[in-house]
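# Structure at a glance
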Amino acid sequence: MYHWAYAALALSSLLIAAPSSDEHPLLALECPKATGGIAVDGQGNEPAWKDVKAITDFRLWNPSLGKPTESTELRMCHDDTNVYALFVCTDPDVFALHEGRDAMLWESDCVELFFVPDANSPIYYEFEVSPRNDVFDARIVNSGSGGFRRWAPTWNCGMRTAATVRGTLNDWRDTDEGFTVEMAIPIEAFADANGTKPLAGQTWQFAAARMDFSKTLKVEERSSTANVPDMNIHKREGWFTLTFK
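Now for a quick tour of the structure. Within every chain, residues take consecutive numbers counted from 1 along the sequence as written. The predicted nature of this model means local features are confined to residues of pLDDT at least 70 and side-chain atom pairs, given and counted, to a pLDDT of 80 or more, with totals for whole chains, interfaces and linings taken over all residues. Note that the side-chain values use all heavy atoms of the structure and ignore hydrogens as well as water.

What follows concerns the nonpolar core. Residue types Ala, Val, Leu, Ile, Met, Phe, Trp, Tyr and Cys, when buried and joined through side-chain atoms within 4.5 Å, form a set referred to as a nonpolar core. Only protein chains enter the accessibility calculation, which uses a 1.4 Å probe; a residue whose area is less than 20% of its type maximum is buried, one above 50% is exposed, and one in between is partly exposed. Formed by 38 residues in total, the largest nonpolar core has its most connected members in L74, M76, F87, L113 and F115. Secondary structure follows DSSP: runs of H or I at least 4 residues long count as helices, runs of E at least 2 residues long count as strands, and numbering of each begins at the N terminus. The set of elements that each furnish at least two residues to this core consists of β1 (28-31), β3 (72-78), β4 (82-90), β5 (110-116), β6 (123-129), β9 (178-186), β10 (203-212) and β12 (240-244). Discounting residues that sit within four places of it in the chain, L113 has contacts with L74, M76, A85, F87, Y125, E126, F127, M183, I185, F206, A207 and A208. Listed in part, the 22 residues of the second largest apolar core include W61, L105, A138 and M211. What makes two residues a contact is simply this: any of their non-hydrogen atoms within 4.5 Å.

This is the structure:
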């Protein structure tokens, strides 16, 4: 994504606002407590994940283009120390352009999470992982405060991630199956907006997104679980809610 010009789960979804002609319903989702340990190895085969229903309702940022070509599944859950996420993406051409911490991962294949723990606070959080397991994490003090070049390099949250590619990374000549990303984000990472409050019972604003660049696509596809006003994922009014159980 041109990140600043545009940027559990388990889940029972509820219609909370009637969509306009070019919008989808906003969703209210639940993030359950993990029923067991999660290894964060990029496999996503722990029994705890089987107890979490996937969200698959990813929408193209430009609703006139219809649905994404490739499927994306997201599961989320939490325990006393971490928020966990599991992305499973189909992709015939897995591609990772940039390397290194806080690189511009959105310019090739990646998955993204956005959180607003306190709707009355300007602080929000962004986490991205590429199929190569490069990580971007940022605590952003309002979207008009200087962008990722100010906020991402100055903050590392200690998240654990793992990625596996079902195919060959960066080889367009073959046909891949896709990639999987697993994340564990420490609850203490949200302390500036959330303090030390336990997650259970809280409702946050939330969005997930995927960037897909492929030899099979005429135009790269940016999709999200949220509505994306003006092609800008950082506009929170299109995000849905996430309630921790």
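So that's the structure; there's more coming.
By the element assignment, G144 lies in the loop between β7 (135-141) and α2 (148-151). Exposure remark for G144: the relative accessible area of 75% places this residue in the exposed category. Taking the C-alpha atoms as reference points, G144 and H234, separated by 90 residues in sequence, lie 10.0 Å from one another.

Okay, the pairing of strand β11 (residues 221-224) next. Of the two faces of β11, the one lined by E221 and S223 and the one lined by R222 and S224 are each fully buried. A pair of strands counts as paired when DSSP detects no fewer than two bridges linking them. As defined by bridge partners, strand β2 (residues 59-60) adjoins β11 across two bridges and the pair is classed as antiparallel. When the sheet's bridge partners are listed, R59 is paired in β11 with S224. Inspection of the sheet shows β10 paired to β11 by four bridges, in the antiparallel sense. Within the sheet, the bridge partner assigned to R210 lies in β11 and is S223.

This brings us to unusual backbone geometry. The residue V40 is not glycine, and still its phi comes out positive at about 55°. What makes V40 buried here is its relative accessible area of 10%. At M231, a residue that is not glycine, the phi angle is positive and equals roughly 60°. Within the secondary structure, M231 is located in the loop between β11 and β12. Residue classification places M231 among the partly exposed positions, given a relative accessible area of 26%.

For the rest of this paragraph, the subject is the packing of aromatic side chains. Working definition: rings of Phe, Tyr and Trp (its six-membered ring) pair if their centres are within 6.5 Å, and the pair is stacked with planes under 30 degrees apart, edge-to-face with planes over 60 apart, and tilted otherwise. One pass over the structure, following the stated rule, counts 14 aromatic pairs. With a centroid separation of 5.0 Å and 50° between ring planes, the pair formed by F115 and F206 is classed as tilted. Taken together, the residues F115 in strand β5 and F206 in strand β10 connect sequence positions 91 residues apart. F206 shares its class with F115; the two are buried. Ring centres of W204 and F244 lie 4.9 Å apart, and the angle between their planes is 70°; on these two criteria the pair is classed as edge-to-face.

This part covers the pairing of β7. Across the seven residues that make up β7, a large majority, five, are buried. Bridge analysis of β6 against β7 gives seven bridges, and the strand direction is antiparallel. From the neighbouring strand, E128 faces β7, where its bridge partner is F136.

Moving on, we get to the sheet that holds β9. The antiparallel open sheet is built from four strands, whose spatial order is β3-β4-β9-β8. Looking along the sheet, the strands with just one partner apiece sit at the ends: β3 and β8 (160-166). Going from strand to strand, the sheet's axes swing by 10° on average, the running direction of each strand aside. Axis angles are defined between N-to-C directions and span 0 to 180 degrees, where every axis is a line fitted to C-alpha atoms and, for a helix, only to the segment in contact.

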